Amino acid sequence: MQELLSVKYDVESGDFIRGGEASSSIKKLLQQLGIKADIIKRICVACYEAEMNIVIHSYGGYIEAKIFNNKVEILAKDRGPGIENIDLAMKEGYSTAPEYAREMGFGGGMGLPNMKKSCDEFYIESKTGEYTEVRMVVYF
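Residues numbered from 1 in each chain as written. Predicted model: local features only at pLDDT ≥ 70, side-chain atom pairs only at ≥ 80, totals over all residues. Heavy atoms only, no water.

Overview of the side chain of K71
Within the element layout of this structure, K71 appears in strand 3 (residues 71–79). A polar contact is formed between the side chain of K71 and the side chain of E73, at a distance of 2.7 Å. Those residues within four positions of K71 in sequence are excluded, and the remaining contacts are M1, K66, V137, V138, Y139 and F140. (Helix = DSSP H or I, 4+ residues; strand = E, 2+ residues; numbered from the N terminus. Polar contact = N/O pair within 3.5 Å; in protein donor to acceptor, adjacent residues only side chain to side chain. Contact = heavy atoms within 4.5 Å.)

Here you go:
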């Protein structure tokens, strides 16, 4: 398997204006590489959800995408409070988003479940008070 491209984007905490830029940029790269639209959609849903979780729940972090000839690997890592109960956080509708995020239409508790549904492989690791790291893989 040959790595074709690797990109990394910083994601700022609370930056709802720029939230989504990483996933949009990755979408454009995948389109330029001729990846099928249904695969791009899955990758972008997963990436956007991860990116917005960094914006809403962390002190900042990054999204990294590695594009291979047969798959895309996405790593989303933040600095922050971490997730105390990953099993609970994976339940549809569960959210710890602050009220201001909910007022903007975010924080419906679908971020992590949508990430998992969109990927062929999904891994999450979190250390309370330090970080959350999500690794996702989509094959094509």
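Things to note about the pairing of strand 3
Where strand 2 (residues 61–68) and strand 3 come together, 7 bridges link them in antiparallel fashion. Residue I67 lies in a different strand from strand 3, and its bridge partner there is V72. Where strand 2 hands over to strand 3, the hairpin turn is made up of 2 residues, counted between the paired strands. (Pairing = 2+ DSSP bridges.)

Looking at the pattern of salt bridges
For the coordinates displayed, the defined rule picks out 8 salt bridges. R18 serves as the salt-bridge partner of E21, at 3.2 Å between the closest nitrogen and oxygen. Looking at R18, the relative accessible area reads 42%, which means it is partly exposed. Taking the shortest distance from any N to any O, the salt bridge between R42 and D120 comes out at 3.0 Å. With a gap of 78 residues between them, R42 in helix 2 (residues 37–57) and D120 in the loop between helix 5 (111–118) and strand 4 (121–127) connect regions that are remote in the sequence. Within the structure, one salt-bridge network assembled from shared partners comprises D15, R18 and E21. (Salt bridge = Lys/Arg side-chain N within 4 Å of Asp/Glu carboxyl O. Buried < 20%, exposed > 50% of the residue type's maximum accessible area, 1.4 Å probe, protein only.)

As far as function goes, none of this settles anything; it's purely spatial.
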